[in-house]
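# Observations on chain architecture
Here are the chains, one letter per residue:
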Amino acid sequence: MFNRGARPSEPRAKTQPPGTGLRVVVVEADGDITERLVVTCPEFDLDQVNHVDDAIKGALGPTIVVLGPDASNSATLDRVEELRDLCPSSELTVVVAVSKINTALLRRALRAGISDVVDLNEAGDLEGALRRVASRAAQRLVSTSASGRRGRVIAVFSPKGGVGTTSVAINIAARRGSVPN
């Protein structure tokens, strides 16, 4: 991986709150998308890798992964879906950039939890999508850190029906909702 961000002498517009540590990693072999984003989105620090696993290995914090056309195959989308199943609370956002959008790709991307699918031939489509998902990711980070509270899951289970698990679950939810921690 190598850093392809803006040069230090260039002024940088801050679209994300300081300290969020948001990374943008482009998964492609030829570097065309990375070069395009360096010019059109100087506010982001960009890295380029050849495989989605390389992008995810370095994803210690919030990361946006842009999958280029050569990386937007079924095996890669399967891998993204598998990672989402293993770690649903990960701070990983994925955008797929392709030359031609079709229904099968959109359906597959939806199942994999992809945030956006963009057409590389449409001017500004990729850049707009990147800024949108970065803004949403930054807002999630700020709201999570500002509140200091994270969600909590409580499971109420019984292997036999009719013992009152629904009543217990509703009472727990009602009580937890009305009394602050």
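Now for a description of the structure that goes with this document. No experiment lies behind these values; they were computed from the predicted model shown.

Thresholds, definitions, all that
- Residues numbered from 1 in each chain as written.
- Predicted model: local features only at pLDDT ≥ 70, side-chain atom pairs only at ≥ 80, totals over all residues.
- Heavy atoms only, no water.
- Helix = DSSP H or I, 4+ residues; strand = E, 2+ residues; numbered from the N terminus.
- Buried < 20%, exposed > 50% of the residue type's maximum accessible area, 1.4 Å probe, protein only.
- Contact = heavy atoms within 4.5 Å.
- Areas by Shrake-Rupley, 256 points an atom, 1.4 Å probe, with all protein chains shown as cover.
- Core = buried A, V, L, I, M, F, W, Y, C linked by side-chain atoms within 4.5 Å.
- Pairing = 2+ DSSP bridges.
- Right-handed = clockwise from strand over helix to strand, strands pointing away.

Before going further, it helps to examine the overall build of the protein. A tally of regular secondary structure across the protein gives six helices and six strands. Put simply, the protein runs from its N terminus to its C terminus through helices and strands in the order β-β-α-β-α-β-α-β-α-β-α-α. Here the protein holds 181 residues, and 36% of them are scored as buried. A fraction of 65% describes how many contacts in the protein between residues 6 or more apart in sequence connect residues 24 or more apart. When the accessible surface of the protein is summed, it comes to about 10900 Å², and 54% of that surface belongs to carbon and sulfur atoms.

Grouped together as the largest cluster of nonpolar side chains are 21 residues, with contacts concentrated most on Leu67 and Ile114. The set of elements that each furnish at least two residues to this core consists of strand S2 (23-27), helix H2 (52-57), strand S4 (63-67), helix H3 (74-86), strand S5 (92-98) and helix H4 (103-112). The contact partners of leucine 67, leaving out residues within four places of it in the chain, are Val27, Val52, Ser72, Thr76, Leu77, Val94, Val95, Val96 and Ala97.

S5 sits mainly inside the fold: seven of its seven residues count as buried. Residue alternation in S5 divides its side chains into two sets, Leu92, Val94, Val96 and Val98 and Thr93, Val95 and Ala97, and both sets are buried. Looking at chain direction, S4 and S5 are connected through five bridges and run parallel. Looking across to S5, one finds that isoleucine 64 is bridged to threonine 93. In terms of handedness, the path from S5 via H4 over to strand S6 (residues 116-119) forms a crossover that is right-handed.

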